[in-house]
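# Chain and residue survey
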Amino acid sequence: MREYSHCYFALLDLLGFKEIVKTKTCSEIVDIFEEAKKRYIVNQVKDDNSEAPVISPEDIHYYFMSDSVCIYINDDIPSALPVLAWLCMNFQVRMLCLDTPLFVRGSLSRGDIYEDHNVLFGPAMVEAYLRGEKLAHVPRVIMPANLYDEITNISDKALLNGFINPEHDGFYAINYINYFCKHNSTLRYRENVNNYIRNILSVSLDQSVREKYLYVKSWMEYYYSQEKVKTHEQ
């Protein structure tokens, strides 16, 4: 019997991908997808100091279609939402670390999904697509407040708080810019992203494009200033 599964669902769109197809070679585009398809695991430290996945990799599902990536986890699995949020953050950061940075826009939802080999559909997918397309606007992955409010497990909420940030329009956004600006692993990529944004803002005559990159620029400057204050205080 064919039935829906109830999932936490993320739909992530690669912004500017159509332009990359025009300017990059086939091999370079394949390299982008090779990076996009890498799967990462969120581990936890057990009482004996060994590490184990918070969620088994077999329970984390991916679906790739053109310039979009879907990641989804059944919502009855403990810590499904915070793990999904971390995977989105990880994906956004990795796309920034490409030779030509790619920015990601999208949304999280919760609802019914049907998947069978190359077929994927369901209300949760439609909701995530529409929210990301119509309301995310800038390079961010947003989550409606009700998903956050539904989390009652204290440890799950604490974990989730490390990956999201409330924004002015009532959504929570995956806090990838904070990670990118502060984590040592991204240090060597920051100047490339700064230069890329600076170049876009210098040449673009499209206000909607400018708003996308100004959003990232303003948050990056905020987190850089935080680090400077922290260093000065030390």
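For the structure itself, consult the block above.
Notes on the structure follow. Predicted model only: the values in this text are computed from it and were never measured.

The rules behind each value
Residues numbered from 1 in each chain as written. Predicted model: local features only at pLDDT ≥ 70, side-chain atom pairs only at ≥ 80, totals over all residues. Heavy atoms only, no water. Patch = residues over 30% accessible without salt bridge, like charges linked within 9 Å, V, L, I, M, F, W, Y side chains within 5 Å. Areas by Shrake-Rupley, 256 points an atom, 1.4 Å probe, with all protein chains shown as cover. Salt bridge = Lys/Arg side-chain N within 4 Å of Asp/Glu carboxyl O. Helix = DSSP H or I, 4+ residues; strand = E, 2+ residues; numbered from the N terminus. Buried < 20%, exposed > 50% of the residue type's maximum accessible area, 1.4 Å probe, protein only. Expected span 1.5 Å × (residues − 1). Arc of directions from axis to C-beta. Phe/Tyr/Trp six-rings, centres within 6.5 Å; stacked < 30°, edge-to-face > 60°. Polar contact = N/O pair within 3.5 Å; in protein donor to acceptor, adjacent residues only side chain to side chain. Contact = heavy atoms within 4.5 Å.

### A look at a nonpolar patch on the surface
Taken together, Tyr4, Val119 and Phe121 make up a surface patch of nonpolar side chains, about 270 Å² in accessible area. Inspection of the secondary structure assignment puts Val119 in strand β7 (residues 119–121). On the accessibility criterion, Val119 (39% relative accessible area) is partly exposed.

### Some details on unusual backbone geometry
Phi is positive for Ser79, which is not a glycine, with a value near 70°. Mapped onto the elements, Ser79 comes out in the loop between β5 (68–74) and α3 (80–96). The backbone of His117 shows a phi angle near 55°, a positive value even though the residue is not glycine. Secondary-structure assignment places His117 in the loop between β6 (103–116) and β7.

### So, the pattern of salt bridges
For the coordinates displayed, the defined rule picks out 11 salt bridges. Taking the shortest distance from any N to any O, the salt bridge between Arg110 and Glu150 comes out at 2.6 Å. Of the two residues, Arg110 is situated in strand β6 and Glu150 in helix α5 (residues 145–150); the sequence distance between them amounts to 40 residues. You can call Glu150 partly exposed: its relative accessible area is 38%. Between Arg140 and Asp169 there is a salt bridge, with its nearest N and O atoms 2.5 Å apart. In this pair, Arg140 is assigned in the loop between α4 (123–136) and β8 (141–143) and Asp169 in the loop between β9 (164–166) and β10 (172–174), connecting sequence segments 29 residues apart. A single network of salt bridges, built from pairs that share partners, joins Glu35, Lys38 and Arg94.

### Brief notes about helix α8 (residues 190–203)
The end-to-end C-alpha distance of α8, which contains 14 residues, comes to 20 Å, matching closely the 20 Å that a straight helix rising 1.5 Å per residue would cover. Buried residues of α8: Arg190, Val193, Asn194, Ile197, Ile200 and Leu201, and no others. Here the buried residues of α8 occupy an arc of 130° about the axis, which is enough to place them on one side. Counted as exposed and oriented over 90 degrees from the buried face of α8: Ser202 and Val203.

### Some points on the packing of aromatic side chains
One pass over the full model with this rule turns up 12 aromatic pairs. Note on Trp219 and Tyr222: the rings are 5.6 Å apart at their centroids and 85° apart in plane angle, and the pair reads as edge-to-face. Here Tyr222 and Trp219 lie together in helix α9 (residues 207–233), a separation of 3 residues that amounts to about one turn. The exposure class assigned to Trp219 is partly exposed, which follows from its relative accessible area of 23%.

### Re the side chain of Ser204
For Ser204, the position within the fold is in the loop between α8 and α9. Taking the relative accessible area as the measure of exposure, Ser204 reaches 16% and is therefore buried. Among the polar contacts listed, one links the side chain of Ser204 to the backbone nitrogen of Asp206, at a separation of 3.2 Å. Once residues within four sequence positions are removed from consideration, Ser204 is found in contact with Val209 and Arg210.

Any link to function would need more than the numbers given here.
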